[in-house]
Amino acid sequence: MTDTPANEAPYRLIDDVDFGEGVVVGPFTNLYGCRIGDETRVGPFVEIQRGATIGARCKVQSHTFVCDGVQIGDEVFVGHGVVFINDKFPRATTGDGDLQTGEDWELLPTVVESRASLGSGAIVLGGVRIGAGAIVGAGAVVTRDVAAGETVAGVPARVRALSP
Ligand SMILES: CC(C)(COP(=O)(O)OP(=O)(O)OC[C@H]1O[C@@H](n2cnc3c(N)ncnc32)[C@H](O)[C@@H]1OP(=O)(O)O)[C@@H](O)C(=O)NCCC(=O)NCCS
C-alpha cells in the first residue's frame, strides 16, 4: 500500500488514502480515508469517502459517489454517476435544531461483491448486498439485496425479462 496513486493528474484532493499498486486516479477527484486496491481506475469527479473500500481491478467511472460504509469487492464495474446511500432517514438537524453529527444517525453498510456491475445513474440504498457477478441496470434504484449473477433493472430494481 502507498499513499499516492500511480499517475499524475491535476485538481485532486487525496487525503489519508491507502492505494494498492498501479491505481490510476483521474482529475477533479476527492478521495479521503478510503482504501483502493491494485490496478483500480477511478475516473474524474469521483468522491470516495472515509470508511469506504474498493477492491482490486475495479473501474469507477466519472461522477460517482461512494460513501462511508460501502465495501466494493474486486473487478467491480461502477458506471458513471452511481450514488450510494448510507442514511435511510436523513435530517440536517437534531430535534433541538442543532446540526446533526455522526452520532445522530445510523450508518447502513453496503456490500458489492466481486465482478458485479452497476449501470450508470444507479442509486444503491444503504444496507443492501449486491451479489457476485450481478448486473444492475442503468438508472436502477436498488432497495433490496441482489442475488449473485442476477440482473436487475428499474425503480425499484427487480429481476425483469431481460436478455440472458
Ligand atoms: C439492464 C441491462 C443489462 C439489460 O440489458 P438486456 O438484457 O440486453 O435488456 P434489453 O435491452 O433486451 O431490454 C429488455 C427490457 O428491459 C428494459 N430495460 C433495459 N434496460 C433497462 C434499464 N436500465 N432500466 C429499465 N428497463 C430496462 C427494456 O426497455 C426492455 O423492455 P421492453 O421489453 O418492455 O421493451 C442494460 O439495459 C443496462 O442497463 N446496462 C447497463 C449499461 C450501463 O450503464 N453501462 C455503464 C457505462 S457505459
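The following paragraphs examine the structure supplied in this document.

Scoring rules and cut-offs
Residues numbered from 1 in each chain as written. Predicted model: local features only at pLDDT ≥ 70, side-chain atom pairs only at ≥ 80, totals over all residues. Heavy atoms only, no water. Helix = DSSP H or I, 4+ residues; strand = E, 2+ residues; numbered from the N terminus. Buried < 20%, exposed > 50% of the residue type's maximum accessible area, 1.4 Å probe, protein only. Contact = heavy atoms within 4.5 Å. Lys, Arg positive; Asp, Glu negative; His and termini not counted. Charge placed at Lys NZ, Arg CZ, Asp CG, Glu CD. Pairing = 2+ DSSP bridges. Phe/Tyr/Trp six-rings, centres within 6.5 Å; stacked < 30°, edge-to-face > 60°. Salt bridge = Lys/Arg side-chain N within 4 Å of Asp/Glu carboxyl O.

Some remarks on the overall build of the chain
- Counting its secondary structure elements, the chain contains zero helices and 21 strands.
- Considering only C-alpha atoms, the chain reaches an extent of 50 × 45 × 20 Å along its principal axes.
- Counting across all 164 residues of the chain, residues that qualify as buried make up 40%.
- Here the analysis covers contacts within the chain between residues at least 6 apart in sequence; of these, 14% occur between residues at least 24 apart.
- Taking the average location of the 13 positive side-chain charges in the chain and that of its 21 negative ones, the two points are 10 Å from each other.

Digging into the sheet that holds strand β17 (residues 129-130)
- An order of β2-β5-β8-β11-β14-β17 is seen for the six strands of this open sheet, with the pairing classed as parallel. A strand with exactly one partner marks an edge of an open sheet, and here the two such strands are β2 (18-19) and β17.
- Note that strand β8 (residues 53-54) and strand β11 (residues 70-72) share two bridges and pair parallel. In the sheet register, Ile54 faces β11, and the bridge partner there is Ile72.

Some words on the packing of aromatic side chains
- Under the defined criterion, the tally for this structure stands at two aromatic pairs.
- Judged by centre distance (5.2 Å) and plane angle (15 degrees), the rings of Tyr11 and Phe28 are stacked. Of this pair, Tyr11 sits in the segment before β1 (12-15) while Phe28 is found in the loop between β3 (24-25) and β4 (29-32), placing the two residues 17 residues apart along the sequence.
- With 5.0 Å between their ring centres and 0 degrees between their planes, Phe28 and Phe45 make a pair best called stacked. Note that Phe28 is positioned in the loop between β3 and β4 and Phe45 in the loop between β6 (41-42) and β7 (47-48), a separation of 17 residues in sequence.
- Relative accessible area serves as the criterion here: at 44%, Phe45 is assigned to the partly exposed category.
- Members of the aromatic cluster, each reached through a chain of ring pairs, are Tyr11, Phe28 and Phe45.

Observations regarding the pattern of salt bridges
- Enumeration over the complete set of coordinates arrives at four salt bridges.
- Here Arg50 ties to Asp16 by a salt bridge, and the two come within 3.0 Å at their closest N and O atoms. On the criterion of sequence distance, the pair formed by Arg50 in the loop between β7 and β8 and Asp16 in the loop between β1 and β2 is long-range, its members being 34 residues apart.
- When its relative accessible area of 52% is taken as the criterion, Asp16 is described as exposed.
- Close ionic contact of Glu75 with Arg57 constitutes a salt bridge, the shortest N to O distance being 3.0 Å. In this pair, Glu75 is assigned in the loop between β11 and β12 (77-78) and Arg57 in the loop between β8 and β9 (59-60), connecting sequence segments 18 residues apart.

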